[in-house]
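Here is how the chains run, residue by residue.
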Amino acid sequence: MSTNQPLPRIAVHSLTGCAGELLVILENLDKLLPFVHVTSFPFAQGKNEIRPVDITFVEGSVSQPHDLEKLTELRANTRWLVAVGNCAVWGCVQRAGCNHCSVQKMIDAVYGTNSPIEALPAAPLDHYVPVDVKLSGCPIDATQFLAVTANLLRDHLPYVTHKPVCLECKLKENGCVLIEKNLPCLGPVTAAGCGALCPSVGAACYGCWGPCEEPQMEAMATILSEKGYQLDEVLGRLQAFGAPKELFVRLEKS
Amino acid sequence: MGNSEKKRIEIPEICRVEGHSAVYVEIDQGKVTNVQLDVFEGTRFFEQIVIGHHFEEIPHITSRVCAICSSGHVLAAINAIEHILGFHPNTTVSLFRELLHLGMVIESHATHICALALPDFLNIPDLMEFASAHKEEFSTWTILRNLGSAIQTTVGGRAFHPVNMHVGGISRCPSGDELKPLLEKLSFAQQKAIDLCSLLMQFQPKVRRTTEPTFLALIPNKGKYGFFGDTVKSSDGWEQSIQNYRDYLSEKSVPYSHAKQSKGRGKPLMVGSMARLALFHDLLDGQAKHIYQSSPLASGDTNTILNNLAQAIEVVHAIERAQEIIRVLQEVEEPQFAHPEITKLKPIAGSGSGAVECPRGTLYHYYDIDEAGKILQADMVTPSAQNTARIELDIREVVDQTLGKTSDQLEGNLETLIRAYDPCNTCATHMVSVNYL
């Protein structure tokens, strides 16, 4: 490769979220800077331009028309679009909020009935545009982020695991907090990647990475109700971090 | 420029702040007629989100208001709920919580000072140049934020959004051996933090507000400089319990912004590092005290830009205090065994508040819980919402002074001014639902 070849260009943007992914990316930039040119990253630098780039990382959910305009523009200017973090992949806690209260009702309660504030029900990026890689996490795992980026810089679509947290928990040889301590651990239905952080400190997984592939929500609810948890509390816990309502159709009927 | 001319200053997106905001200033007949700080971060309605959830879930959900001060949101929620349930954590739990909080203060302040504020003073246009042309400052940032992150990871189980901190205690208190490497990191970073203070003292503020701000901060527990307390003190001379925060903090929504504005007894407030140092510098000790005494802050200079320096002094304090805490914990903790220190709390119907001094100022959480432990009502008042009115006043005062003069740097200087407050728009739009009064 000629040394004069321009570096691949990346962009890092946020919609509506907690800025956690921006922080993880910022904190790992020293590892990336030799290999990429940061075309825009408004959180971290003053000079930003929107122009065609190779990879765009977007955190946050689409929660207002302004987010949607920005996302559409970013999608049109990037080869790979990577949704980073639970908000961008699932919609996180704000999507859960929209499950039990309409956006208009929330606006009315907060800003009054004639407010000019515009809001959309919080939704993940792929609700509106095609997404090439979904890297969940709350926040994302730095090692996974660097691996995904390295793959994309080599033109490979990376493999991202969506196996349950239990898999990582067993590899760490933790005792099971669900079976042994009767804690409401959501590890069996939550996507791994964190390294089973909560059970490793003796606490229950609360599902912050979003659902794993083919989550068995009914089985999970059955176990928790056997442990004495009420169904409405179980549903609240299972949906708190953005798991889509469709996964709970049968449970909500029961 | 003639006096009759109408002029509008617009900064459509302020960079290097957390979240999304814009500034609009209108000038007419040679006077500033309107200043608007528009926070256009999408709203997330946190007070609605938590309703119906069990109190045990609340710290984990509210943590997501903001990554950079997630430990603060976790601890404010825990304080409020434990207050309602009448639970008092033991000394070990309290010390670990304080240590976690100090880790957040170090990481948050370091990131704000080095990555967000410093580029203004060193004229750094982008990250590439920061990393290559200012290696020393870039490395200071790396060392300090890695330190903050190591403390939070050791104590909280993750660099932010801690998994280890719960209502009723800590699910895994790290062993003495796990704390040991933190001591080495802390003593290595201490000089870096002191150097950062010296660097910040060299920069002369280019703009200056013209009126004195009203400062408000929690009176620290146990007569030591710190970030936890139950009563606030104002530089206007009054004190009040945070349980009655609705009596002194008024809140209104403004039509142009997604963030609400809070005022203290009707006046714009400044909260955060400068407020804490102005009110409680007497309680500092060690190197932090020496640096404070040799700084312009000690002679009563309250220029907004000096908040960056105030943050750096707090980093020095946090590093010294963290070493002290770890030494105490090492005496009581087993070298090789981690252990849980958690009490399962029974729900009691009731309501109450908790507050902590976050990096940017006082953060309040309020909850109303039913007899099954579910949240009926919630409220949060963030530091950034409290600072907004004062930011707008600062902008007005600074623009007023430039009228009739040529000032090609005005937009840039205004951004620097706003940035000094370290505004956190993700916090400001969390969002506040007011059903009270």
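Refer to the structure printed above.
Residues numbered from 1 in each chain as written. Chains lettered and ligands numbered in written order. Predicted model: local features only at pLDDT ≥ 70, side-chain atom pairs only at ≥ 80, totals over all residues. Heavy atoms only, no water.

Colleague: So, the overall build of chain A: which residues are in play, and what are the values?
Modeller: If you tally the helices and strands in chain A, you get 13 helices and five strands. Here the C-alpha atoms of chain A give a radius of gyration of 20 Å, agreeing with the 18 Å that 2.2 N^0.38 yields for 254 residues. Overall, chain A is about 65 × 55 × 25 Å in size when its C-alpha atoms are taken along their principal axes. Residues classed as buried in chain A amount to 57% of the 254 residues present. For chain A, the share of sequence-separated contacts (at least 6 apart) that also reach a separation of at least 24 residues comes to 71%. Of the roughly 10,700 Å² that chain A leaves accessible, carbon and sulfur atoms contribute 55%. A gap of 2 Å separates the mean positions of the 20 positive and 26 negative side-chain charges of chain A. (Helix = DSSP H or I, 4+ residues; strand = E, 2+ residues; numbered from the N terminus. Rg over C-alpha atoms; globule rule 2.2 N^0.38 Å. Buried < 20%, exposed > 50% of the residue type's maximum accessible area, 1.4 Å probe, protein only. Contact = heavy atoms within 4.5 Å. Areas by Shrake-Rupley, 256 points an atom, 1.4 Å probe, with all protein chains shown as cover. Lys, Arg positive; Asp, Glu negative; His and termini not counted. Charge placed at Lys NZ, Arg CZ, Asp CG, Glu CD.)

Colleague: Explain the sheet that holds strand 6 (residues 214–218) of chain B to me, and be specific about the residues and the numbers.
Modeller: Residues and elements named next belong to chain B. Strands sit in the order 8-7-6-11 across an open sheet of four strands; the sheet is mixed. In the strand order of this sheet, the two ends are held by strand 8 (239–241) and strand 11 (269–270), each with one partner. For strand 6 and strand 11, the ladder comprises two bridges, and the chain directions are parallel. Pairing of Phe215 across the sheet is with Met270, part of strand 11. Of the strands in this sheet, strand 6, strand 7 (231–234) and strand 11 touch helix 9 (residues 273–280), which is tilted by about 85° from strand 6. (Pairing = 2+ DSSP bridges. Axes fitted to C-alpha atoms, helices over the stretch in contact; angles between N-to-C directions.)

Colleague: Account for the interface of chain B and chain A, with residues named and values stated.
Modeller: Every contact between the two is made by 62 residues of chain B and, on the other side, 61 residues of chain A. Counting the contacts that link chain B with chain A gives two salt bridges. Between Arg237 of chain A and Glu56 of chain B there is a salt bridge, and its shortest N-O distance comes to 3.4 Å. Among the secondary structure elements, those contributing two or more residues to the side of chain B that touches chain A are helix 1 (46–49), helix 2 (58–62), helix 4 (91–122), helix 5 (127–133), helix 6 (135–156) and strand 5 (169–173) of chain B. Partitioned by chemical class, the residues of the side of chain B that touches chain A number 27 nonpolar, 20 polar and 15 charged. (Salt bridge = Lys/Arg side-chain N within 4 Å of Asp/Glu carboxyl O. Nonpolar A, V, L, I, M, F, W, Y, C, P; charged D, E, K, R; others polar.)

Colleague: For the nonpolar core, give the residues involved together with the corresponding values.
Modeller: Ranked by internal contacts, the top residues of the largest apolar core, which has 169 residues, are Phe41 of chain A together with Tyr367 and Ile395 of chain B. The element that contributes the greatest number of residues to this core is helix 4 of chain B, accounting for 16 residues. Looking at which domains feed residues into this core, each of domain 1 (9–153) and domain 2 (165–253) of chain A gives three or more. (Core = buried A, V, L, I, M, F, W, Y, C linked by side-chain atoms within 4.5 Å. Domains from an automatic or database assignment.)

Colleague: Quick rundown of the pattern of salt bridges? Include the residues and the values.
Modeller: Applying the stated criterion across every chain, the model contains 29 salt bridges over all chains. One salt bridge in this structure joins Asp232 of chain A and Lys374 of chain B, with 3.0 Å as the shortest N-O distance. Here Asp232 of chain A, found in helix 12 (residues 231–239), pairs with Lys374 of chain B, found in the loop between strand 14 (361–369) and strand 15 (375–381), and the two come from separate chains. The structure contains a network of salt bridges with shared partners spanning Glu233 and Arg237 of chain A together with Glu56 and Lys344 of chain B.

Colleague: An account of the sheet that holds strand 5 of chain B is needed here, citing residue identities and associated values.
Modeller: Residues and elements named next belong to chain B. Strand order in the open sheet formed by three strands is 4-5-12, and the pairing between neighbours is antiparallel. Taken across any chain shown, the strands that pair with only one partner, and hence form the sheet edges, are strand 4 (165–166) and strand 12 (339–342). Of the strand pairs in this sheet, strand 5 and strand 12 are connected by three bridges, and their pairing is antiparallel. Its bridge partner lying in strand 12, Cys173 is registered against His339.

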